[in-house]
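# Structural features, examined
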Amino acid sequence: MFSLRGDAHKVYSQLKKASDNGQTLNGIKEIIEVKEIYNFYHSINSDTLKQIYYRMIKEKNGSGTIPIFVSSAPWLFFLFSKQLHQFLFKEGNFLWIVFIFLYVFILTISVILHFHEKSWAAVHIEIILDILKERNNSPLDAMRD
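Quick caveat, the model's predicted, so the values are computed rather than measured.

### Considering the overall build of the protein chain
Of the regular secondary structure elements, the protein chain holds six helices and zero strands. Each helix and strand of the protein chain, ordered N terminal to C terminal, gives the series α-α-α-α-α-α. Going through the 145 residues of the protein chain one by one, you find that 19% of them count as buried. Partitioning the contacts of the protein chain with sequence separation of at least 6, the portion at a separation of at least 24 is 67%. Approximately 10900 Å² of the protein chain is accessible, and the part contributed by carbon and sulfur atoms is 64%.

If you want it as structure tokens, here you go:
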């Protein structure tokens, strides 16, 4: 069923459905995935884990070139607006429809990927911080939001 409530509600719905059917919650794909990430990070020493944490912060705050694309592409089109207008709208040409569709499609996919990457970085950061806190080696607790 289609829902605009987001991934957190989808996970909750899967957990609730499994619980109502008497199934174990540990068998759900999303829980297994988080456990695998946790177990992997737990096997790494604290010093290396701190370095991974710093890298994850970079990933969460940067997430590649997508924000640059989102903010710079419209300015590029504005810069060449006269030439773009002449090319797209010459003599009944419907090329502008293809251009707008492709631009909006690429922009939408880029924004979705950006926030998807950012959310996964947040998951990794929280797992790493929890492991470091368990080990009582975490000067990073003060940095947690």
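Moving on from the model shown.
### Side note on the packing of helix 3 (residues 46-62) against helix 6 (residues 95-134)
Direction vectors running N to C along helix 3 and helix 6 enclose 155°, while the axes themselves pass 9 Å from each other. With respect to helix 6, the axis of helix 3 lies roughly antiparallel. As for the relative orientation of helix 3 and helix 6, their crossing is left-handed in sense. Judged by residue contacts, S46, L49, K50, I52, Y53, M56, I57, E59, K60 and G62 of helix 3 engage H114, K118, A121, A122, H124, I125, I128, L129, I131 and L132 from helix 6. Its residues assigned to classes, the contact of helix 3 with helix 6 shows 12 nonpolar, four polar and four charged.

### Let's talk about the packing of helix 2 (residues 29-42) against helix 6
Close contact between helix 2 and helix 6 brings their axes to 10 Å; oriented N to C, the two are set at 50°. It follows from the interaxial angle that helix 2 and helix 6 lie oblique. Judged by the sense of rotation from one axis to the other, the crossing of helix 2 with helix 6 is right-handed. Residues E33, V34, I37, Y38, Y41 and H42 of helix 2 touch helix 6, and the partners they reach there are W120, H124, I127, I128, I131 and E134. A breakdown of the residues in the contact of helix 2 with helix 6 according to their chemical character gives eight nonpolar, two polar and two charged.

### Topic: the nonpolar core
Counting residues in each nonpolar core, the largest one holds 12 residues, listed as I37, Y41, I44, L49, Y53, M56, I125, I127, I128, L129, I131 and L132. Secondary-structure elements contributing two or more residues to this core are helix 2, helix 3 and helix 6. The element that contributes the greatest number of residues to this core is helix 6, accounting for six residues. For I44, the contacting residues outside a window of four places in its chain are L49, I52 and R135.

Rules used in this analysis
- Residues numbered from 1 in each chain as written.
- Predicted model: local features only at pLDDT ≥ 70, side-chain atom pairs only at ≥ 80, totals over all residues.
- Heavy atoms only, no water.
- Helix = DSSP H or I, 4+ residues; strand = E, 2+ residues; numbered from the N terminus.
- Buried < 20%, exposed > 50% of the residue type's maximum accessible area, 1.4 Å probe, protein only.
- Contact = heavy atoms within 4.5 Å.
- Areas by Shrake-Rupley, 256 points an atom, 1.4 Å probe, with all protein chains shown as cover.
- Axes fitted to C-alpha atoms, helices over the stretch in contact; angles between N-to-C directions.
- Parallel < 35°, antiparallel > 145°, perpendicular 65-115°, else oblique.
- Left-handed = near helix turned anticlockwise from the far one by under 90°.
- Nonpolar A, V, L, I, M, F, W, Y, C, P; charged D, E, K, R; others polar.
- Core = buried A, V, L, I, M, F, W, Y, C linked by side-chain atoms within 4.5 Å.

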